[in-house]
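Listed here are the chains, written in short residue letters.
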Amino acid sequence: MIKKTAKLALASVFTTGALAISPAVAPALAATAVQTVRFSNWATSACLEDTGTDIVTKACVTYSSTRWNNQIWIIEDSPNGGGRLHLRNWKTGKCLWAENTGPNGVRGASCGNGGSMDWVVRNNLIEAVNRSYDNLYDQASNSDVRIAATVNPVNYSRWTQTSTSPK
C-alpha cells in the first residue's frame, strides 16, 4: 500500500496531545511505517473528516463508529519533495486538495503529484503550499473546512494531531 511516509518529530504528541512539528519544514524524509493520525480542531474539538463527497469537520467518533476511518489520515511525503506532505484519507483514499477556487477551497481528490496536494504541518497549523501557506481552518458555523491567510480567532486554524490506528 503506502511504502514511504514523512518521518515527523512527534515526541511531545504523546505527552501533551498537541502537534509538535518543528518550526522548520518537516525534517528529512525516510521510509517508515505508515503513520495514521486524526486531526481535531482546537476551537471546535471537531475532527477533520472526508465524507467521500466533501471535506468537513464533525464530532470526533469512537473506534466502534462506522465513520472512524473517515477521520483517519495517512501522512506521507509528497513526490514533490522539500518536506511537503500529502494527507490521504484512510477510508476514501483521497488526498486533501487545496483548490484555487470553490466554495471552501479544499476537497478530497485522487492523489497525484500536483502542488495543490502539498501541505506543511507545523506549529499546530496545516498549511497549503500552493496557496502561499494559507491555513486550513474549521468554519464552525456549518462544519465546512476552508483555507485562509488570516483566521480570527486563531484557534479555528489550530489542529491537534493524535496518532491512531484504522479499523
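Quick caveat, the model's predicted, so the values are computed rather than measured. (Residues numbered from 1 in each chain as written. Predicted model: local features only at pLDDT ≥ 70, side-chain atom pairs only at ≥ 80, totals over all residues. Heavy atoms only, no water.)

*Asks:* What should I look at first to understand the packing of aromatic side chains in this one?
*Replies:* To describe a pair of aromatic rings, you give the distance between the ring centres and the angle between the ring planes. Applying the stated criterion across every chain, the model contains one aromatic pair. Relative to tryptophan 68, the ring of tyrosine 63 lies with its centre 5.4 Å away and its plane at 65°, an arrangement referred to as edge-to-face. Judged by its relative accessible area of 46%, tyrosine 63 falls in the partly exposed class. In this structure tryptophan 68 comes out as buried when scored by relative accessible area, which is 8%. Over the face of the ring belonging to tyrosine 63 we find lysine 167, whose NZ or CZ atom lies 5.7 Å from the ring centre. (Phe/Tyr/Trp six-rings, centres within 6.5 Å; stacked < 30°, edge-to-face > 60°. Buried < 20%, exposed > 50% of the residue type's maximum accessible area, 1.4 Å probe, protein only. Lys NZ or Arg CZ within 6 Å of the ring centre and 35° of its normal.)

*Asks:* Explain the environment of serine 163 to me, please; I cannot follow it from the model alone.
*Replies:* Residue position: serine 163 is located in strand S12 (residues 159-163). Here serine 163 falls in the partly exposed class, since its relative accessible area comes to 30%. In this structure, the C-alpha to C-alpha distance between serine 163 and threonine 36, residues 127 residues apart in sequence, is 5.9 Å. (Helix = DSSP H or I, 4+ residues; strand = E, 2+ residues; numbered from the N terminus.)

The analysis is restricted to geometry; functional conclusions fall outside its scope.
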